[in-house]
Amino acid sequence: MLVEQIAVFLENKSGRLAEITAVLAENGVNIRALSVADTADFGILRLIVDKVEKAKEVLKANGFTVGKTDVIAVEVDDKTGGLARVLQCIKEASINVEYMYAFVNKTGENAVLIFRFEKMEEAITMLQNGGFTIISREQICAL
Amino acid sequence: MYWQKEQECLTRSNLENLQLERLKKVLKRVGTNVPFYRNKFNSLHLNPDKLTSLEGIRDYPFTLKQDLRDNYPYGLFAVPLRDVVRVHSSSGTTGMATVVGYSKNDIVTWSNLVARILCGAGVTPDDVIQIAFGYGLFTGGFGLHYGAERLGASVIPISAGNTKRQIQIMQDFKSTALVCTPSYALKMADVMMDMGVNPNGLSLRYGLFGAEPWSEAMRQEINERLGIRATDNYGLSEVLGPGIAGECFECNGLHVNEDHFIIEVLDPDTLEPVKPGDVGELVITTLTKEAFPVIRYRTRDLTRLLPEPCPCGRTFHRISRILGRSDDMLIIKGVNVFPTQIESILFEIEGTEPHYRLIVERENNEDKLTVLVEVVESIFFDEMKKQRAFINSIRKRMSSELGIGVDIQLVEERTLERFSGKADRVIDKRKL
């Protein structure tokens, strides 16, 4: 149910993001989704990739600090209110969203929402009971 | 286990009386026999006979490493060379070498003091002790050697170097105690792995380590990898060599052999005593040495005085492990800051040797300290909230321990240059 996400520490210096994507490209790692959280001094880059271990290994070898976290991917129809319904369900259980990002798949019919919740297990139960589709990393990569 | 229980467990009041009596004697002796001290005491109108309390020591002048150099080689000896039976010398890596001497009685005292430390660290006459300190002008090898013989242990005087042979002998001779530097102990563990030697198959049980600063994490690593009980001991050739202070089995500070030394822990800047428990420079006066007494010798080593009673029963005060050198001290907003304080906080948080840089600046006539810290996996979070909370927690901890505000800036791994010396980790941009 959980999807492995990698996170990379980035100083706010020009060219760092370019370097990371180049390293991944050279090693045949495909990025499916990403987001950056930033402050004045540094940023945290989060990535969903097809080859998690490979990505972690090559980034580390290139001197980056890499972490691995579990996130939840929810597939919704790419229609008005898709995200709102998911958040309503989570809100009812008083679960906080630590962060989230989203992408739309190739066909443009569905959107994939990536979530990190404060209480991951509870969130999964709530989403399943609410009838939402939770997808795996393999499914994301196959989209 | 004690070597000289009567002395090691003296009541504090008896100990202090003994110290005062011995202090007067040594001050009188150096004031008579050593021109360097005689001139200093005379110019300050100091009369040891008038000393009524131990605090009176603070009227006496300090002795510096430079004084030892200026009187090279024999100028500070307090007995004729005829009565000196041994000469040692410091390595001279940070300048001209210094020379120290020992009388027959000094060697006996020294041996007993080292035997105390060996006992405290668990060594008994049944042990086989492998001394992997260099033998020669360096005090480490001979100091431990004489102490171990005095105790009655079986000594293997293998000296430093040739690690494979050390391990071979350790296996064949069934050494139960190892004496060397802590970093050499870890090197031995590495070489054992290369050689396919399982440390658990050895007879080794105790390790006595000294001659360089080390950390609690390093102790744990040594204990785990060699399957031994590692203790810290402290000494410096200018004062005695090994035998000044050593840990008991509590492994929580080093007992100073206070019947033979008076220690002070002073603010290196004001030279006033720091509060017990605060970091300061260790200053030592020898009470019983005949050939080479020193009065208020500034060691430049930083430590904390731990005056609380120890469960082991020894009444001698303890000092913390050596935390660094006062030569590296920075004064920021009028507060003394030692890079090692910051290092040990980071070490504790990260669990590995931290890479950091201190930047001191002056903005609008106010000093500002920024600590650059390389991010490692153990302190990196995917959530901004946690990452910022983490930065805040180190900032608060450092500010409260150092007593000044600190800014923390995280930088990417391997972006700070690697230096070997601690002083190089400081960039002082203040134009004073």
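Residues numbered from 1 in each chain as written. Chains lettered and ligands numbered in written order. Predicted model: local features only at pLDDT ≥ 70, side-chain atom pairs only at ≥ 80, totals over all residues.

The next point concerns the overall build of chain B. A tally of helices and strands in chain B yields eleven helices and 20 strands. What you see for chain B is a C-alpha radius of gyration of 23 Å, in line with the 22 Å of a compact globule of 432 residues. Structurally, chain B occupies a C-alpha span of about 70 × 60 × 40 Å along its principal axes. Counting every position in chain B, which comprises 432 residues, the buried fraction comes to 43%. (Helix = DSSP H or I, 4+ residues; strand = E, 2+ residues; numbered from the N terminus. Rg over C-alpha atoms; globule rule 2.2 N^0.38 Å. Buried ≥ 20, exposed ≤ 12 C-beta atoms within 10 Å, placed from the backbone.)

Here the focus is the overall build of chain A. For chain A, the helix and strand inventory stands at five helices and seven strands. Secondary structure of chain A in N-to-C order comes out as β-α-β-β-α-β-α-β-β-α-β-α. Here the C-alpha atoms of chain A give a radius of gyration of 16 Å, agreeing with the 15 Å that 2.2 N^0.38 yields for 143 residues. For chain A, the C-alpha atoms occupy an extent of roughly 45 × 30 × 25 Å along the three principal directions. Here the analysis covers contacts within chain A between residues at least 6 apart in sequence; of these, 69% occur between residues at least 24 apart. (Contact = placed C-beta atoms within 7 Å.)

With that settled, the discussion passes to the domain arrangement of chain A. Domain boundaries in chain A define domain 1 (2-69) and domain 2 (71-142). Those elements giving two or more residues to the side of domain 1 of chain A that touches domain 2 of chain A turn out to be strand 1 (2-11) and strand 2 (31-38) of chain A. (Domains from an automatic or database assignment.)

Glancing now at helix 9 (residues 216-226) of chain B. All names here are of chain B. Among the residues making up helix 9, those that are buried are Arg219, Ile222 and Leu226. For helix 9, the angular spread of the buried residues around the axis is 65 degrees, confining them to a single face. In helix 9, the exposed positions angled more than 90 degrees off the buried face are occupied by Gln220 and Glu224. Packed against the buried residues of helix 9 are helix 8 (182-195), strand 6 (206-209) and strand 7 (229-236). (Arc of directions from axis to C-beta.)

All names here are of chain B. Taken domain by domain, chain B consists of domain 1 (99-326) and domain 2 (330-428). When each unit is reduced to the centre of its C-alpha atoms, the spacing between domain 1 and domain 2 is 31 Å. With nine residues of domain 1 in contact, the opposing surface of domain 2 contributes eight residues.

With that settled, the discussion passes to the interface of chain B and chain A. In this assembly, 15 residues from chain B lie in contact with 15 residues from chain A. Breaking the side of chain B that touches chain A down by element, the ones donating at least two residues are helix 11 (384-402) and strand 19 (407-411) of chain B. Tallied by class, the residues present in the side of chain B that touches chain A amount to six nonpolar, two polar and seven charged. (Nonpolar A, V, L, I, M, F, W, Y, C, P; charged D, E, K, R; others polar.)

This part covers the environment of B:Leu186. Residues and elements named next belong to chain B. Structurally, Leu186 is set in helix 8. Distance from Leu186 to Ile228, taken between C-alpha atoms, is 12 Å for residues 42 residues apart in sequence. Sequence-distant contacts of Leu186, defined by excluding residues within four places in its chain, comprise Glu221 and Ile222.

Within the largest apolar cluster, 139 residues are counted, with the highest numbers of intra-cluster contacts made by A:Val8, B:Leu118, B:Val123, B:Ile129, B:Ile131, B:Val179 and B:Ile263. If we skip the residues at most four places from it in the chain, B:Ile129 touches B:Val123, B:Ala148, B:Ala153, B:Ser154, B:Val155, B:Ile156, B:Ser175, B:Ala177 and B:Val179. (Core = buried A, V, L, I, M, F, W, Y, C linked by C-beta atoms within 7 Å.)

Okay, helix 6 (residues 139-151) of chain B next. With 13 residues, helix 6 of chain B extends 18 Å from end C-alpha to end C-alpha; this agrees with the ideal 18 Å at 1.5 Å per step. Along helix 6 of chain B, eleven of the 13 residues are buried, which leaves the element largely enclosed by surrounding structure. (Expected span 1.5 Å × (residues − 1).)

The next subject is unusual backbone geometry. With omega at -10 degrees, the peptide bond leading from B:Tyr72 into B:Pro73 counts as cis. The topology assignment puts B:Pro73 in the loop between helix 4 (65-70) and strand 1 (84-89). A positive phi angle, close to 55 degrees, is found at A:Ser94, a residue other than glycine. Structurally, A:Ser94 can be placed in the loop between helix 3 (82-92) and strand 5 (97-104). You can call A:Ser94 exposed: it has 9 C-beta atoms within 10 Å. The phi dihedral of B:Arg300 is positive, around 70 degrees, even though this residue is not glycine. Tracing the chain through its elements places B:Arg300 in strand 12 (residues 297-306).

With that settled, consider the sheet that holds strand 20 (residues 426-428) of chain B. Residue and element names in this part refer to chain B. Read across the sheet, four strands follow the order 19-18-17-20 without closing on themselves; strand pairing throughout is mixed. In this open sheet, the two edge strands, each paired with only one partner strand, are strand 19 and strand 20. The sheet shows a mean angle of 20 degrees between the axes of neighbouring strands, taken without regard to direction. As judged from the eight bridges shared by strand 17 (residues 356-363) and strand 18 (residues 366-374), these two strands associate in the antiparallel manner. (Pairing = 2+ DSSP bridges. Axes fitted to C-alpha atoms, helices over the stretch in contact; angles between N-to-C directions.)

All right, on to the packing of helix 8 of chain B against helix 9 of chain B then. Residues and elements named next belong to chain B. In contact at an axis separation of 10 Å, helix 8 and helix 9 are set at 35 degrees when each is read in the N-to-C sense. The interaxial crossing formed by helix 8 with helix 9 has left-handed handedness. Contacts between helix 8 and helix 9 involve Pro182, Ala185, Leu186 and Ala189 on the former and, on the latter, Met218, Glu221, Ile222, Arg225 and Leu226. By residue class, the composition of the contact of helix 8 with helix 9 is seven nonpolar, no polar and two charged. (Left-handed = near helix turned anticlockwise from the far one by under 90°.)

Moving on: the confidence of the model for chain A. When the pLDDT values of chain A are averaged, the result is 91; 100% of them are 70 or greater. Put simply, helix 5 (residues 137-142) of chain A is where chain A has its lowest mean pLDDT, 82, and strand 3 (residues 42-49) of chain A is where it has its highest, 95. (pLDDT = per-residue confidence, 0-100.)

Before going further, it helps to examine the packing of helix 2 (residues 12-33) of chain B against helix 3 (residues 35-43) of chain B. Residues and elements named next belong to chain B. The geometry of helix 2 relative to helix 3 is characterised by a closest axis approach of 5 Å and an angle of 105 degrees between their N-to-C directions. With respect to helix 3, the axis of helix 2 lies roughly perpendicular. Across the interface between the two elements, Val30, Gly31 and Thr32 of helix 2 pack against Tyr37, Arg38 and Phe41 of helix 3. (Parallel < 35°, antiparallel > 145°, perpendicular 65-115°, else oblique.)

All names here are of chain B. Alternating residues of strand 5 (residues 177-180) divide into Ala177 and Val179 and Leu178 and Cys180, and every residue in both groups is buried. With three bridges joining them, strand 3 (residues 128-131) and strand 5 adopt parallel strand pairing. Residue pairing across strands places Ile131 opposite Val179, the latter belonging to strand 5. Direction of pairing for strand 5 relative to strand 6: parallel, over a ladder of four bridges. Its bridge partner lying in strand 6, Ala177 is registered against Tyr206. Each parallel crossover has a hand, and the one from strand 5 via helix 8 to strand 6 is right-handed. (Right-handed = clockwise from strand over helix to strand, strands pointing away.)

Looking now at the environment of B:Thr370. Within the fold, B:Thr370 resides in strand 18. Leave out the neighbours within four places in its chain, and B:Thr370 touches B:Ile359, B:Asp407 and B:Gln409.

Further remarks concern the confidence of the model for chain B. Overall, the predicted model of chain B reaches an average pLDDT of 93, with 97% of residues at or above 70. What the predictor reports for the complex is a pTM of 0.74 with an ipTM of 0.88.

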